[in-house]
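One letter stands for each residue in the lines below.
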Amino acid sequence: MNRGTRDEMLGRLAEAVRSVAVPHPTRVAVDGPPAAGKTTLADELADVLRTRGRDVIRATIDDFLFPRAQRYPRGEYSAEGCYYDTHDYHALNRVLLDPLGPGGDRRFQDAVYDRTADTTLSPPVTTAPTDAVLVFDGVFLMRPELIDRWDLSVFVSAALERTVERAVIRERRVSARAEVERRWRERYIPAQQLYFATVRPAARVAVIVHNDDPQQPVWETRTP
């Protein structure tokens, strides 16, 4: 276990990215439960990498959702639905992860879905430099559909009960506390528990960041 400041932790992660030697863009997964802090960490890591001269592609699993009409065949609060019916992994691999990977042409799209409008997207195709870094955050990133696509994987861990409180604070302007708590306790937390039991994501990543106290993180390096 390593303890330190947030800047120290981000510096270690940036060094881990630098140490990846692949002949194509480096694809970094930042996995973790909702409200664990993975999006914030991914944003911060992307900023650090840019200050070190890397070209960064920043993307998220939230831009690879199925349209709302397809996401809830098991019900709005179904944990199984959250795990099995939410994300378009085929599109994610086809337009982003595979083009940036071995044998890919580096011509990619970073989204297929607009959450605000609940519509599909087809953004312009961009060509990534060979030494670019994709920093991709999201839930369930160690699933079998994706596990072989990552060149470096990070899991952001936080007590699931703490994620409920963070979600209530984060969403207080748009959702009542009771609604947020119901979504977390009936859908998101059981979906994560299903993921943990099925995939054991923490055993598959190179770095675990324990993020219960974001300003005093604890991290460990593993051999997945």
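Quick notes on the rules
Residues numbered from 1 in each chain as written. Predicted model: local features only at pLDDT ≥ 70, side-chain atom pairs only at ≥ 80, totals over all residues. Heavy atoms only, no water. Helix = DSSP H or I, 4+ residues; strand = E, 2+ residues; numbered from the N terminus. Rg over C-alpha atoms; globule rule 2.2 N^0.38 Å. Buried < 20%, exposed > 50% of the residue type's maximum accessible area, 1.4 Å probe, protein only. Areas by Shrake-Rupley, 256 points an atom, 1.4 Å probe, with all protein chains shown as cover. Phe/Tyr/Trp six-rings, centres within 6.5 Å; stacked < 30°, edge-to-face > 60°. Axes fitted to C-alpha atoms, helices over the stretch in contact; angles between N-to-C directions. Parallel < 35°, antiparallel > 145°, perpendicular 65-115°, else oblique. Left-handed = near helix turned anticlockwise from the far one by under 90°. Contact = heavy atoms within 4.5 Å. Nonpolar A, V, L, I, M, F, W, Y, C, P; charged D, E, K, R; others polar. Pairing = 2+ DSSP bridges. Salt bridge = Lys/Arg side-chain N within 4 Å of Asp/Glu carboxyl O.

Caption draft 1: Fine view of the overall build of the protein chain. Helix and strand counts for the protein chain stand at seven helices and 11 strands. For a compact globule of 224 residues, the expected C-alpha radius of gyration is about 17 Å, and the protein chain comes in at 17 Å, within 12% of that figure. With 224 residues in all, the protein chain has 51% of them scored as buried. Roughly 10,800 Å² of accessible area belongs to the protein chain as shown, and the carbon and sulfur atoms make up 48% of that amount.

Caption draft 2: Quick look at the packing of aromatic side chains. A complete count under the given rule lists nine aromatic pairs for this structure. An angle of 35 degrees between the planes, with centres 5.7 Å apart, marks the rings of Phe136 and Trp150 as tilted. Taken together, the residues span a long stretch of sequence, with Phe136 in strand β8 (residues 133-138) and Trp150 in the loop between β8 and β9 (152-157) at a distance of 14 residues. Per residue, the accessibility class of Phe136 equals that of Trp150, and both read buried. Ring centres 4.7 Å apart and planes at 90 degrees place the aromatic pair Trp184 and Tyr188 in the edge-to-face group. Of this pair, Trp184 and Tyr188 both sit in helix α7 (residues 177-199), four residues apart, roughly one helical turn.

Caption draft 3: Local environment of unusual backbone geometry. At Ala35, a position not held by glycine, the phi torsion is positive, near 70 degrees. You can see Ala35 is positioned in the loop between β2 (26-31) and α2 (38-51). Phi is positive for Arg106, which is not a glycine, with a value near 70 degrees. Its place among the elements puts Arg106 in the loop between α5 (89-97) and β4 (107-108).

Caption draft 4: Region of the structure containing the packing of helix α1 (residues 6-18) against α2. The interhelical angle for the contact between α1 and α2, taken along N-to-C directions, is 65 degrees, at an axis separation of 10 Å. Taken together, the axes of α1 and α2 lie roughly perpendicular to each other. For α1 against α2, the interelement crossing comes out right-handed. Here α1 contributes Arg6, Met9, Leu10, Leu13, Ala14 and Val17 to the contact with α2, which in turn contributes Thr40, Leu41, Glu44, Leu45, Val48 and Leu49. The residue makeup of the contact of α1 with α2, split by class, is nine nonpolar, one polar and two charged.

Caption draft 5: Quick peek at the sheet that holds β9. Taking strand neighbours across the sheet as the criterion, the seven strands line up as β1-β11-β10-β9-β2-β8-β3 in an open arrangement whose pairing is mixed. Edge positions in the sheet fall to β1 (2-3) and β3 (56-60), since each has one partner strand and no second. Taken together, the five bridges between β3 and β8 define a ladder with parallel strand orientation. Each residue of the ladder has a partner; that of Ala59, found in β8, is Phe136. Taken strand by strand, α5 contacts β2, β3 and β8, and its axis lies near 160 degrees from that of β8.

Caption draft 6: View of the pattern of salt bridges. Counted under the stated rule, the structure contains 21 salt bridges. Across the pair Asp137 and Arg58 runs a salt bridge, and its minimum N-O distance is 2.8 Å. Taken as a pair, Asp137 in strand β8 and Arg58 in strand β3 lie far apart in primary sequence, 79 residues in all. Look at Arg58 and you get partly exposed, because its relative accessible area is 21%. The closest approach of N and O atoms between Glu220 and Arg222, which form a salt bridge, is 3.9 Å. Linked by salt bridges that have partners in common, Arg170, Glu171, Glu179 and Arg183 make up one network.

Caption draft 7: Structural detail: the environment of Arg182. The residue Arg182 is located in helix α7 in this model. According to the relative accessible area criterion, Arg182 is partly exposed, its value standing at 38%. Separated by 20 residues in the primary sequence, Arg182 and Arg162 place their C-alpha atoms 14 Å from one another. When sequence neighbours within four positions are dropped, the list of residues in contact with Arg182 reads Tyr77 and Arg187.

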